[in-house]
Amino acid sequence: DVKVTQSSRYLVKRTGEKVFLECVQDMDHENMFWYRQDPGLGLRLIYFSYDVKMKEKGDIPEGYSVSREKKERFSLILESASTNQTSMYLCASSWTESSYEQYFGPGTRLTVT
Amino acid sequence: AQSVAQPEDQVNVAEGNPLTVKCTYSVSGNPYLFWYVQYPNRGLQFLLKYITGDNLVKGSYGFEAEFNKSQTSFHLKKPSALVSDSALYFCAVRDRAGRRALTFGSGTRLQVQP
């Protein structure tokens, strides 16, 4: 079975802190994604990566950056956390071929106070 | 640009009755369509997908979905609902020639009453 793991299930940070969310997949997938999930808004794409050291902005990249130094690991960075970044963050991975579904991690619920 | 609409925030159905969760989409080219389910405090689980071929797609847990190109719809269905089907359901679309990421709808909460 495909396994996508995220470093924390729950995280509480203070405004202005730098926050790292880590995601690891074990299926040698080329593509990795970061979404945030908010009630009534569904999932919105923050960033994705289609290869090591490659990244593309999604629909809401402001306030975030990403890093992919190894194929299995994709990190989301909040440079200076703000209260409006309180959300559920979901990582996903998939094969390159576009017909393949994405596999999701369990999510990290981040609260910024 | 691609988009997905799930017009119902919540769908209520009695156990044993058929259920339908609606989804319409917009893409510039040909779509790949997906349904995912999310149980409380969990990530999303893949249910089924339409890639090509038969418009009726069967997936996990007895769910199926019908692709209708003329109505740009991909409604999720199940002949007989279970209480355990209660969850949050997301429809997603990807343009075959577009970016690799999925675009998701806002989600529909399914509540199955015993």
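Rules used in this analysis
- Residues numbered from 1 in each chain as written.
- Chains lettered and ligands numbered in written order.
- Predicted model: local features only at pLDDT ≥ 70, side-chain atom pairs only at ≥ 80, totals over all residues.
- Heavy atoms only, no water.
- Helix = DSSP H or I, 4+ residues; strand = E, 2+ residues; numbered from the N terminus.
- Buried < 20%, exposed > 50% of the residue type's maximum accessible area, 1.4 Å probe, protein only.
- Contact = heavy atoms within 4.5 Å.
- Areas by Shrake-Rupley, 256 points an atom, 1.4 Å probe, with all protein chains shown as cover.
- Lys, Arg positive; Asp, Glu negative; His and termini not counted.
- Charge placed at Lys NZ, Arg CZ, Asp CG, Glu CD.
- Disulfide = S-S within 2.5 Å.

With respect to the overall build of chain B
Right, so step 1: A count of helices and strands for chain B gives zero helices and 12 strands.
Right, so step 2: Listed N to C, the secondary structure of chain B is β-β-β-β-β-β-β-β-β-β-β-β in terms of helices and strands.
Right, so step 3: Buried residues in chain B amount to 48% of all 114 residues.
Right, so step 4: The long-range fraction of contacts in chain B, counting pairs at least 24 apart against all pairs at least 6 apart in sequence, stands at 58%.
Right, so step 5: Roughly 5,200 Å² of accessible area belongs to chain B as shown, and the carbon and sulfur atoms make up 47% of that amount.
Right, so step 6: Charge separation in chain B, taken as the distance between the mean sites of 12 positive and 8 negative side-chain charges, equals 9 Å.

Comments concerning the state of the cysteines
Residue and element names in this part refer to chain A.
Right, so step 1: Per the counting criterion, the structure on display carries two disulfides over all chains.
Right, so step 2: Disulfide pairing places C23 opposite C91 at an S-S distance of 1.9 Å. Note on the C23 and C91 pair: the S-S dihedral is about -75°, so by sign convention the disulfide is left-handed. Of the two residues, C23 is situated in strand β3 (residues 19–25) and C91 in strand β9 (residues 87–94); the sequence distance between them amounts to 68 residues. An identical accessibility class is assigned to C23 and C91; each is buried.

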